[in-house]
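Per-entry structural report
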Amino acid sequence: MDEMRPSSGAAAHLGLASIFPPGLQAIYGESRRLYPDQANPLQVTAIVKYWLGGPDPLDYISMYRNVGCPGQDIPEHWHYVSLGLSDLYGDNRVHDLLVTQLGPSETAPPTWPAELMQGLARYVFQSENTFCSGDHISWHSPLDNSESRIQHMLLTEDPQMLPVQTPFGHVSFLQIVGVCTEELQAAQQWNGQGILDLLRGVHIAGGPWLITDMRRGETIFDIDPHMQQERVDKGIETDGSNLSGVSAKCAWDDLSRPPEDEDDSRSICIGSQPRRLSDKDTEQIREALRKGLEINSKSVLPPISSQRHSHDRPQQSVGHFQTQQISRSRKNSLESESSAAIVPHELVRTRQLESVHLKFNQESGTLLPLCLRGRLLHGRHFTYKSINGDTAITFVSTGVEGAFATEEHPYAAHGPWLQILLTEEFVEQMLADIQDLSTRESKLPKEYSWPDKKLKISVLPDTVFDSPLQ
């Protein structure tokens, strides 16, 4: 690859233009614009390319020394640019691009950012989800495998790399921003862009260029606890949350259906042959989550259509599905590989349920206040999609159109997809009853019950969901 990469001058444009992949040329061109004196940067290369059976989806990761901007008090740092998520070759091997900037200045670029980026790329390839600006990634481990408090990520537009047009489509550059747990939780409760704006205003937390320093030991709330928290609280009250769904460890039981035999546990997600989401239901949930992240969009669950319109999706499609425990699960996509009409869609009727029991692990349970306060009280919806199967639980408010749950029948299921419609009055009651879920230190299991509404919620240890019976 080193002898093929164009460096500068006429040779790069004349001698190699015909054999050098045009998608790669376009991205290298933008890199040369930003770093004209670094024609041959240090580079991590996948020896066996992913499309040839190798383990690493990113073909190359270039590492550039960025001098920062002394006038803005931006320090010298390393800038990592990945190549391999967009179409580099013009034969549809891959489709999207992820580019990032990480780390403080050092004498040589550390390689952990490249390993991190490969992990994110594997998630994209295996789940078929993609990233967009404002997304958050729950990683639950120091990004550099140290003792750092920087254990999660937010994504935003790269402040220096400009979008480029390749022969195979438009490519934009995303920056990975390392954040602490408290900052991630604030992004979940409010939105990623709001927290990114706060980080830009605090020099040691990233500054204008949002440079990740793994040595940072304080969150923005430690640095300025009153002002920052006040801005977050005001943002949640005004905007609600733009997080419309998560991959989660969850399950639900239909308590109104008596077990048919001793082996029937009344759980929709238990059994050797669980029912699957149809392609149409899968597409509806995907569209619902996408629409839920459009800040000013009307809150609508799209109707179940008679056919899918995958050909209408743009080449550079962006998935807005927010993920939990991305490093621990390879199957976070809403679209299951085995969901292709195990039961014909037309034969799966919508069932009205009298009583339901919802089950969440602790991380999912701590998001219930976000679901209720940040979404439903703002007339929106929120979906938990199980990482262990095709089970999905969607909470909807009375203002959401297109739901099959109604005020008359607030619990309704279409195959393994459960919808729960909650009135504003009931949401306020639930928020008062589940206040202790705001902390992850509560002991498990925890149970909440509303007998008059015939609703029960359990927050259980992860081991319950990791067992073969979920």
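As shown above, the structure is provided for reference.
An account of the accompanying structure is given in this report. All of these numbers come straight from a predicted model, not from anything done at the bench. (Residues numbered from 1 in each chain as written. Predicted model: local features only at pLDDT ≥ 70, side-chain atom pairs only at ≥ 80, totals over all residues. Heavy atoms only, no water.)

**Considerations on the nonpolar core**
When a protein is soluble and globular, its nonpolar side chains tend to lie buried together. Which entries qualify depends on this criterion: Put simply, a nonpolar core is a bunch of buried Ala, Val, Leu, Ile, Met, Phe, Trp, Tyr and Cys residues held in one set by side-chain atoms that sit within 4.5 Å of each other. Summary of the burial criterion: residues with accessible area below 20% of their type's maximum are buried, those above 50% are exposed, and those between are partly exposed, where the area comes from a 1.4 Å probe applied to protein chains only.
Within the largest apolar cluster, 35 residues are counted, with the highest numbers of intra-cluster contacts made by Leu358, Tyr384, Ile393 and Phe395. Counting residues in each nonpolar core, the second largest holds 25 residues, with Leu58, Ile61, Leu85 and Tyr123 among its members.

**Focus: the packing of helix H4 (residues 181-189) against helix H5 (residues 192-200)**
Rule in force here: To get an axis, a line is fitted to the C-alpha atoms, and for a helix only the part in contact is used. The angle between two axes follows their N-to-C directions and goes from 0 to 180 degrees. By definition, any uninterrupted DSSP run of H or I lasting at least four residues is a helix, any uninterrupted run of E lasting at least two residues is a strand, and each is numbered from the N terminus. With respect to orientation, any angle under 35 degrees is reported as roughly parallel, any angle over 145 as roughly antiparallel, any angle of 65 to 115 as roughly perpendicular, and every other angle as oblique. Contacts between residues were defined by any pair of non-hydrogen atoms, one from each residue, lying within 4.5 Å. Basically, the charged four are Asp, Glu, Lys and Arg, the nonpolar ten are Ala, Val, Leu, Ile, Met, Phe, Trp, Tyr, Cys and Pro, and anything else, Gly included, counts as polar.
Relative to each other, H4 and H5 sit at 135 degrees, their axes nearing to 7 Å. With respect to each other, H4 and H5 are oriented oblique. Across the interface between the two elements, Glu183, Ala186 and Ala187 from H4 touch Gly192, Ile195 and Leu199 from H5. For the contact of H4 with H5, the class distribution of residues is four nonpolar, one polar and one charged.

**Brief notes about the packing of aromatic side chains**
Which entries qualify depends on this criterion: Only rings of Phe, Tyr and Trp enter the pairing, Trp through its six-membered ring, and a pair is recorded when the two centres are within 6.5 Å. The plane angle decides the type: under 30 degrees is stacked, over 60 is edge-to-face, the rest tilted. A ring is scored as having a charge over it whenever the NZ atom of a lysine or the CZ atom of an arginine sits within 6 Å of its centre and within 35 degrees of its normal.
For the structure on display, the rule yields eight aromatic pairs. Ring centres of tyrosine 384 and phenylalanine 395 lie 6.3 Å apart, and the angle between their planes is 75 degrees; this geometry places the pair in the edge-to-face category. Linking tyrosine 384 in strand S13 (residues 381-386) with phenylalanine 395 in strand S14 (residues 392-397), this pair joins segments that are 11 residues apart in sequence. Residue classification places phenylalanine 395 among the buried residues on the basis of a relative accessible area of 0%. Ring centres of phenylalanine 426 and tryptophan 450 lie 5.9 Å apart, and the angle between their planes is 80 degrees; this geometry places the pair in the edge-to-face category. Remark: tryptophan 450 occurs in strand S17 (residues 446-450) and phenylalanine 426 occurs in helix H11 (residues 424-433); sequence separation between them is 24 residues. Judged on exposure class, the residue phenylalanine 426 and its partner tryptophan 450 are both buried. The side chain of lysine 453 reaches across the aromatic face of phenylalanine 426, ending 5.3 Å from its centre.

**Thoughts on the sheet that holds strand S3 (residues 77-83)**
Going by this rule: We call two strands paired when DSSP finds no fewer than two bridges between them.
Judged by pairing direction, the sheet is antiparallel, and its three strands sit side by side in the order S1-S2-S3 without closing on themselves. Every interior strand has two partners, whereas the edge strands, strand S1 (42-45) and S3, have only one. Sheet twist, expressed as the average angle between the axes of neighbouring strands with direction ignored, equals 20 degrees. Across seven bridges, the pairing between strand S2 (residues 60-66) and S3 is antiparallel. Pairing of asparagine 66 across the sheet is with histidine 77, part of S3. Contacts from helix H2 (residues 22-34) reach S1, S2 and S3, with the element oriented near 165 degrees to S3. Contacting S1, S2 and S3, helix H3 (residues 112-127) runs over the sheet at an angle of about 30 degrees to S3.

**Points about the pairing of strand S18 (residues 455-460)**
Counting buried positions along S18 gives five out of six residues, so the element sits mostly inside the fold. The antiparallel pairing of S17 with S18 creates a hairpin that spans four residues between the two strands, and lysine 454 there sits at a positive phi of about 55 degrees.

**Some points on H11**
In an α-helix, one turn spans 3.6 residues, which is why side chains three or four residues apart end up on the same side. Here is the rule: In this context, the arc is that of the directions from the helix axis out to the C-beta atoms.
Of all the positions in H11, only Phe426, Val427, Met430 and Leu431 are classed as buried. What you see down the axis of H11 is that its buried residues fit within an arc of 140 degrees, all on one side.

**Observations regarding the pairing of strand S16 (residues 417-422)**
Among the six residues of S16, six are classified as buried, and the element is accordingly described as predominantly covered. The alternating pattern of S16 places Trp417, Gln419 and Leu421 and Leu418, Ile420 and Leu422 on opposite faces, both of which are buried. With six bridges connecting them, S14 and S16 associate as parallel partners. When the sheet's bridge partners are listed, valine 396 is paired in S16 with leucine 421. Direction of pairing for strand S15 (residues 411-414) relative to S16: antiparallel, over a ladder of four bridges. Within the sheet, the bridge partner assigned to histidine 414 lies in S16 and is tryptophan 417.

**Examining the pattern of salt bridges**
To keep things clear, this is the line we draw: A side-chain nitrogen of Lys or Arg and a carboxyl oxygen of Asp or Glu constitute a salt bridge if their distance falls within 4 Å.
Counting across every chain of the model gives 16 salt bridges. Arginine 122 is the partner of aspartate 56 in a salt bridge, and the nearest nitrogen-oxygen pair spans 2.8 Å. Residue aspartate 56 is located in the loop between S1 and S2, and its partner arginine 122 is located in helix H3; the two are separated by 66 residues in the primary sequence. Glutamate 182 is paired through a salt bridge with arginine 149; the nearest N and O atoms lie 3.1 Å apart. Linking glutamate 182 in helix H4 with arginine 149 in the loop between strand S4 (136-138) and strand S5 (152-157), this pair joins segments that are 33 residues apart in sequence. Residue glutamate 182 is classed as partly exposed on the basis of its relative accessible area, which comes to 34%. Each of Arg149, Glu182 and Asp222 takes part in one network of salt bridges that share partners.

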